[in-house]
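A look at the structure
Here are the chains, one letter per residue:
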Amino acid sequence: MHADVLVIGTGIAGLSYAVRLGQLEPKATIIMISKRDLLESNTKYAQGGIAVVSNFINDSYENHVNDTMLAGENSSDREVVDFVVREGPARVQELIDWGAQFDRKGVDLHLGKEGGHSAKRIVHHKDQSGLHIQHSLIAKARSLANIVFLENHSLVDLITDHHLEKDKQKRCYGAYVISKKDEEIIKITAQITVLSTGGAGQVYAHTTNPQAATGDGLGAAYRARVHVENLHFVQFHPTALFPKINNNTFLISEALRGAGAILRNNKGIAFMSLYDKRLDLAPRDIVSRAIHAEMLKNNVAHVYLDATMLPLEILHQEFPTIYESCLSVGIDVTKDFIPVLPAAHYICGGIDVDHQGQSNLSGLYAIGECSHTGLHGANRLASNSLLEALVFAARAAKSSAKQLENRSLSASFFNAIPEWRGTEAISNERTTHISSLRFKLQSIMSQHVGIIKSVSSLQLAEKELHEVFIATKALYQQNKLTPQLTTLRNLVSVAYLMIKQSQKYPENRGVYYNKDYA
Ligand code: SIN
């Protein structure tokens, strides 16, 4: 297969990029790959919304910039923060023009509040913001004739000069992808490749991310020697529902605390005043560590979120998903406290990109959660992620349109790129072995590379992960490739980078906390 542009990942970043490019360059051919169906992505599960300044009486760009810098503990790139905040309103308006509808109070947008924000500025659609945005963007993308969708295909590897048996990785020429149904590996070549593969929460045992969030873009980029930075900044969301629903740790949006819900320990005591004067709406790293401390102190597996003081109509109107999901596991949030625990939520680092989303490998862009733009620094401000995805997708689309003015590589060049070369053999135990290695990796990361790390826990993690790596390598070399195996390979690469980058990081900042440095 061949297209001008190959987009891997169909969350808000990939879809808004494709729509924008499809409009700028109606003749450009675009192939979009999604690992599951088009809807399934981290975006689908984003409840909060998009942080954007829209009320200039109570808020300002300066305030949003300052809040972002403060959350990121002054390690964000101020220039990036500034343009993302200022371009935000136009990008949200564009989303509305493409069909998205956000909650309103009269004619004005209804604005939610989340931790670390000095004003109400979260534009949202009830507590289903991401799901609604996904539906709107998919409908818009489907209306454009130049976009082709390939669902249920996972990224195996990027195609680079390495596959042409040249020494240096100078350029990206597309990717090899594998189909879920018949496990066939397809070569897709392109002038421009865009990674919008989202997060990697599945590296941990407890995560708010869906099963498909396995860091495929990060793993493939790392193997192609693309710069991947700041993976030691993993943000844990303080309030994920305990226990899991369908094996997933369901998110209880911070917006619920924004509306007045408070955390209580197992004795019913509201404890946040012991940890931070901003109480339940302190930045997430502080709230997550406070919960972790309470759990250790009282030797329990979770704390509680008390939303019983909220009027029923607020719960019904603004938090229908949380209300219904809790009810489905027997928790009536109007009467019962919600059992919650911190869970891996967002990777603040990723593939290093410039202001247009271009990585250090020519022809390869990265946008959305898999990228590292400089916006989040050491800790992401709530609801800044969808904003970042929209702003960088638009910039990358503009830059791609310019690049496509000169389609520098010929059809015969692409035809000469070899098909995937791998083994056809299959060993009997491979499926069970892959699942147990994935489980082992998740428990290593949760036990040793979680909210609180230490020098020795990281050493232990490195040693134990090495065993998983050796076993995965053997499976990879001796077996026909499957989507499960390629996913495991990516999880191992991401876990390795998280451990190594954690070991190199010299201080406690933002979401990174090593008790030996305290
Ligand atoms: C939430 O709704 O609490 C999540 C929002 C975010 O992570 O930005």
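The text that follows walks through the structure, step by step, so that each part is easy to find. (Residues numbered from 1 in each chain as written. Predicted model: local features only at pLDDT ≥ 70, side-chain atom pairs only at ≥ 80, totals over all residues. Heavy atoms only, no water.)

1. Topic: the overall build of the chain
This is how the line gets drawn: The helix and strand labels rest on DSSP assignments: H or I over at least four residues marks a helix, E over at least two residues marks a strand, and numbering proceeds from the N terminus. Computation of the radius of gyration draws on C-alpha atoms, with the globule rule given as 2.2 Å multiplied by the number of residues to the power 0.38. Exposure categories follow from relative accessible area, calculated using a 1.4 Å probe and restricted to protein chains: below 20% of the type maximum is buried, above 50% is exposed, and the middle band is partly exposed. Contacts are residue-level and defined by heavy atoms, with any inter-residue pair within 4.5 Å sufficient. Using a 1.4 Å probe, the Shrake-Rupley method yields the accessible areas, and only the shown protein chains count as cover for residues. Under this rule, positive means Lys or Arg and negative means Asp or Glu; His and the chain ends count for nothing. To locate a charge, take NZ of a lysine, CZ of an arginine, CG of an aspartate or CD of a glutamate.
Tallying secondary structure elements over the chain gives 14 helices and 19 strands in all. For the chain, whose C-alpha radius of gyration is 22 Å, the value lies close to the compact-globule estimate of 24 Å for 518 residues. In terms of overall dimensions, the chain has a C-alpha envelope of 70 × 55 × 40 Å along the principal axes. The proportion of buried residues among the 518 residues of the chain is 61%. In the chain, once contacts between residues fewer than 6 apart in sequence are set aside, the share between residues at least 24 apart is 75%. Carbon and sulfur atoms make up 52% of the accessible area of the chain, which amounts to about 20,400 Å² in all. Each charge class in the chain was averaged separately, 53 positive and 52 negative side chains, and the resulting centres sit 2 Å apart.

2. A few points about the sheet that holds strand 3 (residues 50-51)
Applicable threshold: Here, a strand pair is defined by DSSP locating no fewer than two bridges between the strands.
In spatial order, the strands read 3-7-6; together these three strands make up an open sheet with antiparallel pairing. Each edge of the sheet is formed by a strand with only one pairing partner; in this case those strands are strand 3 and strand 6 (111-112). Two elements, strand 3 and strand 7 (residues 122-123), share two bridges in a ladder whose sense is antiparallel. Each bridged residue has a counterpart across the sheet, and for Ala51 the counterpart in strand 7 is Ile122.

3. Some words on helix 7 (residues 284-298)
Each α-helix winds once per 3.6 residues, and so residues spaced three or four apart point in a common direction. We count it as follows: Take the residue count of a helix, subtract one, and multiply by 1.5 Å to get its expected span.
Counted at 1.5 Å a residue, the expected span for helix 7 with its 15 residues is 21 Å, and the 21 Å between its end C-alpha atoms agrees. Turning to helix 7, its buried residues number three or more, namely Arg284, Asp285, Val287, Ser288, Arg289, Ala290, Ile291, Glu294, Met295 and Asn298. Here the buried face of helix 7 lies against strand 13 (234-241), helix 6 (254-258), strand 14 (262-264), strand 15 (303-306) and strand 16 (338-347). At the C-terminal side of helix 7, Asn299 shows a positive phi close to 55°.

4. Here we look at the environment of Asn360
Rules: Here a polar contact is taken to be a pair of N or O atoms separated by no more than 3.5 Å, where protein atoms must pair a possible hydrogen donor with a possible acceptor and residues adjacent in sequence count only if both atoms sit in side chains.
Looking at the element boundaries, Asn360 is found in the loop between strand 17 (350-352) and strand 18 (364-366). Given a relative accessible area of 40%, Asn360 falls into the partly exposed group. Separated by 133 residues in the primary sequence, Asn360 and His227 place their C-alpha atoms 6.7 Å from one another. The residues contacting Asn360, other than those within four sequence positions of it, are Arg225, Val226, His227 and Asp352. Among the polar contacts made by the side chain of Asn360, one reaches the main-chain amide nitrogen of His227 at a distance of 3.1 Å.

5. Observations concerning the packing of helix 5 (residues 216-223) against helix 14 (residues 483-504)
Note the cut-off: Working convention: axes come from line fits to C-alpha atoms, limited for helices to the stretch in contact. Angles between N-to-C directions cover 0 to 180 degrees. Here the word oblique covers every angle except those under 35 degrees (roughly parallel), over 145 (roughly antiparallel) and from 65 to 115 (roughly perpendicular). All amino acids are sorted into three groups, where Ala, Val, Leu, Ile, Met, Phe, Trp, Tyr, Cys and Pro are nonpolar, Asp, Glu, Lys and Arg are charged, and the leftover types, Gly among them, are polar.
At a minimum axis separation of 8 Å, helix 5 and helix 14 run at an interaxial angle of 75°. Overall, the two elements helix 5 and helix 14 adopt an arrangement that is roughly perpendicular. Two secondary-structure elements touch here, helix 5 through Asp216, Leu218, Gly219, Ala220, Tyr222 and Arg223 and helix 14 through Thr487, Arg489, Asn490, Ser493, Val494, Tyr496 and Leu497. Of the residues in the contact of helix 5 with helix 14, the class split is six nonpolar, four polar and three charged.

6. Description of unusual backbone geometry
Non-glycine residue Lys126 carries a positive phi angle of around 45°. Mapped onto the elements of the fold, Lys126 is located in the loop between strand 7 and helix 4 (129-142). Owing to a relative accessible area of 34%, Lys126 belongs among the partly exposed residues under this scheme. Phi angles above zero are rare outside glycine, and Asn230 is one such case at about 65°. Among the structural elements, Asn230 can be located in the loop between strand 12 (228-229) and strand 13.

By themselves, these figures tell us nothing about what the structure is for.
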